[in-house]
Amino acid sequence: MEYKKISVTGTPGTGKTVVSKLLAERLGYRLIKVNDVVKKKSVETTKDEKRDTVSVDTESLKKVLSNIVEDNTVLEGHLSHYFCSEIVVVLRCSPDGLESRLSKRNWSREKISENVESEAVGVILSEAVELCEKVVEVDTTGKSVDQVVDVLEKIVSGKVSTQKFEPGSVDWSSFLGKM
């Protein structure tokens, strides 16, 4: 099966932005960045000053996305799994690798720790599995963008079985004792 609507999601820092951009280019698909949609469309949000985040009303987001997502689209963002495309790709990264990536963004220690812990327990993967029918997970740790996109191209074109990438194939639980 070839997938025409693809969501690429994951914890911040797992590679969604660069991977989605290259994937869309290679497939000749339109790229929609969920964060841009939230900023430009009338998606309901609230600001959490303490955590330095914006909370998005996911029902409002789904409604807006349902009006703009068409075939041949890659949807990118840590909330893209709320749309439930034909296939949802959850990018994963080892917690220590993620911590290194997020530290380069000059985020607060608390925000980095929150995201590293979220990745270790698989929060976004759990949400995606609960919400969507077809979910795969791909480990980006130590891989180049090209390597990750090569794998995704094979998955979304149906050239490789998704069985190897089923939810649960990546496990960071051993990192929990180190946190």
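Basis of the calculations
- Residues numbered from 1 in each chain as written.
- Predicted model: local features only at pLDDT ≥ 70, side-chain atom pairs only at ≥ 80, totals over all residues.
- Heavy atoms only, no water.
- Salt bridge = Lys/Arg side-chain N within 4 Å of Asp/Glu carboxyl O.
- Helix = DSSP H or I, 4+ residues; strand = E, 2+ residues; numbered from the N terminus.
- Buried < 20%, exposed > 50% of the residue type's maximum accessible area, 1.4 Å probe, protein only.
- Contact = heavy atoms within 4.5 Å.
- 1 Å grid on protein atoms, 1.4 Å probe; cavity = no way out; pocket = protein on both sides within 12 Å on 5 of 7 lines; lining within 4 Å.
- Points joined across faces, edges and corners; volume = space filled by probe spheres on them.
- Nonpolar A, V, L, I, M, F, W, Y, C, P; charged D, E, K, R; others polar.
- Axes fitted to C-alpha atoms, helices over the stretch in contact; angles between N-to-C directions.
- Parallel < 35°, antiparallel > 145°, perpendicular 65-115°, else oblique.
- Left-handed = near helix turned anticlockwise from the far one by under 90°.
- Core = buried A, V, L, I, M, F, W, Y, C linked by side-chain atoms within 4.5 Å.

A.B. asks: What is the right way to look at the pattern of salt bridges in this model?
C.D. replies: Oppositely charged side chains can pair when the atoms bearing their charge come close. Applying the stated criterion to the full structure yields 8 salt bridges. Measuring nitrogen to oxygen at the nearest pair gives 2.8 Å for the salt bridge that ties Arg 26 to Asp 146. A residue pair is termed long-range when its members are at least 10 positions apart, and Arg 26 in helix H1 (residues 16–27) and Asp 146 in helix H7 (residues 145–157) qualify at 120 residues. Its salt-bridge partner being Glu 59, residue Lys 62 comes within 2.9 Å of it at the nearest N-O pair. Placement of both Lys 62 and Glu 59 in helix H3 (residues 58–68) is noted, with a separation of 3 residues, approximately one turn of the helix. Three or more residues are tied together by salt bridges with common partners; here these are Arg 26, Asp 146, Asp 150 and Glu 153.

A.B. asks: I tried to follow the environment of Val 69 on my own but got confused; where do I start?
C.D. replies: Within the secondary structure layout, Val 69 lies in the loop between H3 and strand E5 (73–76). By relative accessible area, which is 9% here, Val 69 ends up buried. In this structure the C-alpha to C-alpha distance between Val 69 and Leu 91, which are 22 residues apart in sequence, comes to 21 Å. Discounting chain neighbours no more than four positions away, the residues touching Val 69 are Lys 5, Ile 32, Leu 75 and Phe 83.

A.B. asks: When you look at the layout of surface pockets in this model, what are you seeing that I'm missing?
C.D. replies: Vacant regions in the atomic arrangement are exposed by a probe of water-molecule size rolled over the atoms. Counted as a void, the largest pocket has a volume near 1200 Å³. Around the largest pocket, the lining comprises 39 residues; the ones closest to its centre are Pro 12, Asn 35, Thr 53, Val 54 and His 78. Looking at the lining of the largest pocket, the elements with two or more residues in it are H1, helix H2 (34–40), strand E3 (45–48), strand E4 (53–56), helix H5 (109–121) and helix H6 (123–131). Here the lining of the largest pocket is built from residues that sort into 11 nonpolar, 15 polar and 13 charged.

A.B. asks: Explanation requested: the packing of H1 against H7 in the structure shown.
C.D. replies: In helix packing, the relevant descriptors are the interaxial angle and the interaxial distance, both defined with respect to the helix axes. Two elements in contact, H1 and H7, have axes separated by 9 Å at closest approach and are oriented at 55 degrees. In terms of their interaxial angle, H1 and H7 are classed as oblique. Once H1 is placed against H7, the crossing between them reads as right-handed. Of the residues in H7, those touching H1 at Val 18, Val 19, Leu 22, Leu 23, Arg 26 and Leu 27 are Val 145, Asp 146, Val 148, Val 149, Asp 150, Leu 152, Glu 153 and Val 156. Its residues assigned to classes, the contact of H1 with H7 comprises 10 nonpolar, no polar and 4 charged.

A.B. asks: Teacher, can you tell me more about the nonpolar core here?
C.D. replies: The tendency in soluble globular proteins is for nonpolar side chains to be buried as a group. Counting residues in each nonpolar core, the largest one holds 20 residues, and the members touching the most others are Ile 6, Val 89, Leu 91, Val 138 and Leu 152. The set of elements that each furnish at least two residues to this core consists of strand E1 (5–10), H1, strand E6 (87–92), strand E7 (135–139) and H7. Take this core: its biggest share by element is 5 residues, from H7. Beyond its immediate sequence surroundings of up to four residues, Leu 152 is in contact with Val 19, Leu 23, Val 89, Leu 91 and Val 138. One finds Ile 32, Val 37, Val 56 and Leu 61 within the second-largest nonpolar core, a separate group that totals 15 residues.

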